[in-house]
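# What the coordinates show
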Amino acid sequence: RPFERMPEIAWYWRLALKPPVTWLLSRTLGPPAGLYHLERGARAAFAPQPVAEDYLRRARSALALRPGAMLANVQDLAGLPAALERMAPRTPSLAVPTVIVGGEADAVVPFDRQGRALAQTIPGARLVPLPGVGHMAPWVATDRLVAEIEALAGRLPAR
């Protein structure tokens with residue numbers, strides 16, 4: 001299977017999707033609770049690497065706590081399992097050069113369960129595991145990602 005079945009969304013996210021609750025949370029408790037958890041979330045996303053210096057400010061992470069952005073994020077999380085289920089049957093028909101790069105230590109999107117499985121379903125996909133790298137590969141393995149993108153671009157037919 002190209003996408004492993006995702007766990008059910010937590011009860012508090014399901015509750016947060018109810019329109020009156022969403023409105024209330026995104027304008028009252030959500031932003032300060034989010035600010036409180038931003039640093040912890042960054043540590044979890046970067047693990048096992050340390051958080052990049054000044055990441056929260058440079059990434060403008062607090063902007064995700066605006067009411068509209070919070071709502072969009074919750075809706076994305078809630079809709080992800082169904083979206084992946086709809087996409088899965090079509091991945092074997094992809095006919096474009098594909099590279100899948102991921103951290104083998106990624107606890108957010110587990111590489112073995114997601115990246116490897118996806119690569120097995122896309123004809124000719126190139127799988128690039130990054131040993132010891134967590135979820136934030138763009139921040140901690142930038143040079144490797146750039147090299148893989150350049151190599152992929154070199155496989156594309158000239159226009």
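The paragraphs below set out a description of the structure included in this document. Quantities reported herein were computed from a predicted structural model and do not represent experimental measurements. (Residues numbered from 1 in each chain as written. Predicted model: local features only at pLDDT ≥ 70, side-chain atom pairs only at ≥ 80, totals over all residues. Heavy atoms only, no water.)

Inspection of the secondary structure assignment puts G102 in strand 1 (residues 99–103). Sequence separation between G102 and A141 is 39 residues, and the spatial gap between their C-alpha atoms is 9.8 Å. Discounting residues that sit within four places of it in the chain, G102 has contacts with F111, V128, P129 and L130. (Helix = DSSP H or I, 4+ residues; strand = E, 2+ residues; numbered from the N terminus. Contact = heavy atoms within 4.5 Å.)

This paragraph deals with the packing of aromatic side chains. If you walk through the whole model with that rule in mind, you get 3 aromatic pairs. Summarising the aromatic geometry, the rings of F46 and Y55 are spaced 4.9 Å apart at their centres and angled 75° between planes, so their arrangement reads as edge-to-face. When sorted by exposure, F46 lands in the same class as Y55, which is buried. With 6.4 Å between their ring centres and 65° between their planes, F46 and W139 make a pair best called edge-to-face. Note that F46 is positioned in helix 3 (residues 30–46) and W139 in helix 7 (residues 137–140), a separation of 93 residues in sequence. Aromatic rings pair up to connect F46, Y55 and W139 into one cluster. (Phe/Tyr/Trp six-rings, centres within 6.5 Å; stacked < 30°, edge-to-face > 60°. Buried < 20%, exposed > 50% of the residue type's maximum accessible area, 1.4 Å probe, protein only.)

A few words now on the pattern of salt bridges. Going through the model one piece at a time under the given rule, you end up with 6 salt bridges. Between D54 and R57 there is a salt bridge; the shortest N-O distance is 2.6 Å. The class of R57 is partly exposed, set by a relative accessible area of 48%. Among the charged side chains, a salt-bridge network with shared partners connects E104, D112 and R116. (Salt bridge = Lys/Arg side-chain N within 4 Å of Asp/Glu carboxyl O.)

For A78, the location among the structural elements is in helix 5 (residues 67–87). In the structure, A78 is positioned 16 residues away from A62 in sequence and 21 Å away in space, judged by C-alpha atoms.

This paragraph deals with unusual backbone geometry. With an omega of 10°, the peptide bond between A47 and P48 qualifies as cis. Here the phi dihedral of D54 falls at roughly 60°; this positive angle occurs in a residue that is not glycine. Within the element layout of this structure, D54 appears in the loop between helix 3 and helix 4 (55–58). Residues other than glycine seldom take positive phi values, yet R60 does so here, at roughly 55°. The residue R60 is located in the loop between helix 4 and helix 5 in this model.

A few words on a nonpolar patch on the surface. Taken together, the side chains of W11, Y12, W13, L15 and L77 make up a nonpolar region of the molecular surface, amounting to roughly 530 Å² of accessible area. Broken down by element, the nonpolar patch gets its largest block of residues, 4 residues, from helix 1 (residues 11–16). Summarising the element assignment, W11 is placed in helix 1. (Patch = residues over 30% accessible without salt bridge, like charges linked within 9 Å, V, L, I, M, F, W, Y side chains within 5 Å. Areas by Shrake-Rupley, 256 points an atom, 1.4 Å probe, with all protein chains shown as cover.)

Turning our eyes to something else, we now look at the pairing of strand 1. Sheet analysis places strand 1 next to strand 2 (residues 126–130), joined by 5 bridges and oriented parallel. Along strand 2, the bridge assignment pairs V101 with V128. Where the polypeptide runs from strand 1 across helix 6 (residues 111–121) and back to strand 2, its parallel neighbour, the crossover connection is right-handed. (Pairing = 2+ DSSP bridges. Right-handed = clockwise from strand over helix to strand, strands pointing away.)

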